[in-house]
Amino acid sequence: MEHIINPVDFSDHSEFALQTGAVLAKKHNAKLHILHMLAIFKSLITNSDTVNQNEMMFLLALAKKN
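Trainee: I keep staring at the overall build of the protein and nothing clicks. Help me out?
Mentor: When its secondary structure is counted, the protein shows 3 helices and 2 strands. When the helices and strands of the protein are listed from N to C terminus, the series reads β-α-β-α-α. Taken across its 66 residues, the protein has 17% of its residues classed as buried. For the protein, restricting intrachain contacts to residue pairs at least 6 apart in sequence, the fraction spanning at least 24 positions comes to 57%. When the accessible surface of the protein is totalled, it reaches about 5500 Å², and 61% of it is carbon and sulfur.

Trainee: Honestly, helix 1 (residues 12–28) in this entry has me stumped. Any pointers?
Mentor: Because each turn of an α-helix spans 3.6 residues, side chains separated by three or four positions in sequence point in the same direction. Taking 1.5 Å per residue, 17 residues should reach 24 Å; helix 1 reaches 25 Å between its end C-alpha atoms and fits that length. What helix 1 keeps buried is the set Ser14, Gly21 and Ala25. The buried side chains of helix 1 occupy one side of the element, clustering within an arc of 35° when seen end-on. Exposed positions of helix 1 whose direction lies more than 90 degrees from the buried face are Asp12, Phe16, Val23, Lys26 and Lys27.

Trainee: In this structure, what is going on with unusual backbone geometry? I would like to understand it.
Mentor: Among all residues except glycine, the phi angle is most often negative; among peptide bonds, the trans geometry is most common. Although it is not a glycine, asparagine 29 sits at a positive phi angle of roughly 50°. Of note, asparagine 29 is situated in the loop between helix 1 and strand 2 (31–36).

Trainee: Just to check I follow, could you spell out the environment of histidine 36 for this structure?
Mentor: Mapped onto the secondary structure, histidine 36 falls in strand 2. Linking histidine 36 and alanine 63, residues 27 residues apart in sequence, is a C-alpha distance of 8.2 Å. Contact partners of histidine 36, with chain neighbours within four places excluded, come to Val8, Asp9, Phe10 and Ala63.

Trainee: I would appreciate a short explanation of a nonpolar patch on the surface in the present structure.
Mentor: There is a patch of nonpolar side chains on the surface, built from Ile5, Leu35 and Met37 and spanning about 310 Å² of accessible area. Residue position: leucine 35 is located in strand 2.

Conventions we followed
- Residues numbered from 1 in each chain as written.
- Predicted model: local features only at pLDDT ≥ 70, side-chain atom pairs only at ≥ 80, totals over all residues.
- Heavy atoms only, no water.
- Helix = DSSP H or I, 4+ residues; strand = E, 2+ residues; numbered from the N terminus.
- Buried < 20%, exposed > 50% of the residue type's maximum accessible area, 1.4 Å probe, protein only.
- Contact = heavy atoms within 4.5 Å.
- Areas by Shrake-Rupley, 256 points an atom, 1.4 Å probe, with all protein chains shown as cover.
- Expected span 1.5 Å × (residues − 1).
- Arc of directions from axis to C-beta.
- Patch = residues over 30% accessible without salt bridge, like charges linked within 9 Å, V, L, I, M, F, W, Y side chains within 5 Å.
- Salt bridge = Lys/Arg side-chain N within 4 Å of Asp/Glu carboxyl O.

The structure is reproduced here in structure tokens:
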């Protein structure tokens, strides 16, 4: 095992998965790649409604902050 991809979304479950990924990477001398998963709902992408755009911008800003 040379590479481990670990998705995270700042939830408690992904925190546990990240810790597990780190242990596995250390054990196998592998590179750990962290991939942030941002939940963007279909309605946010397909509608051009200002409210939906504001919500999407909020989610992106929150992801950058975390």
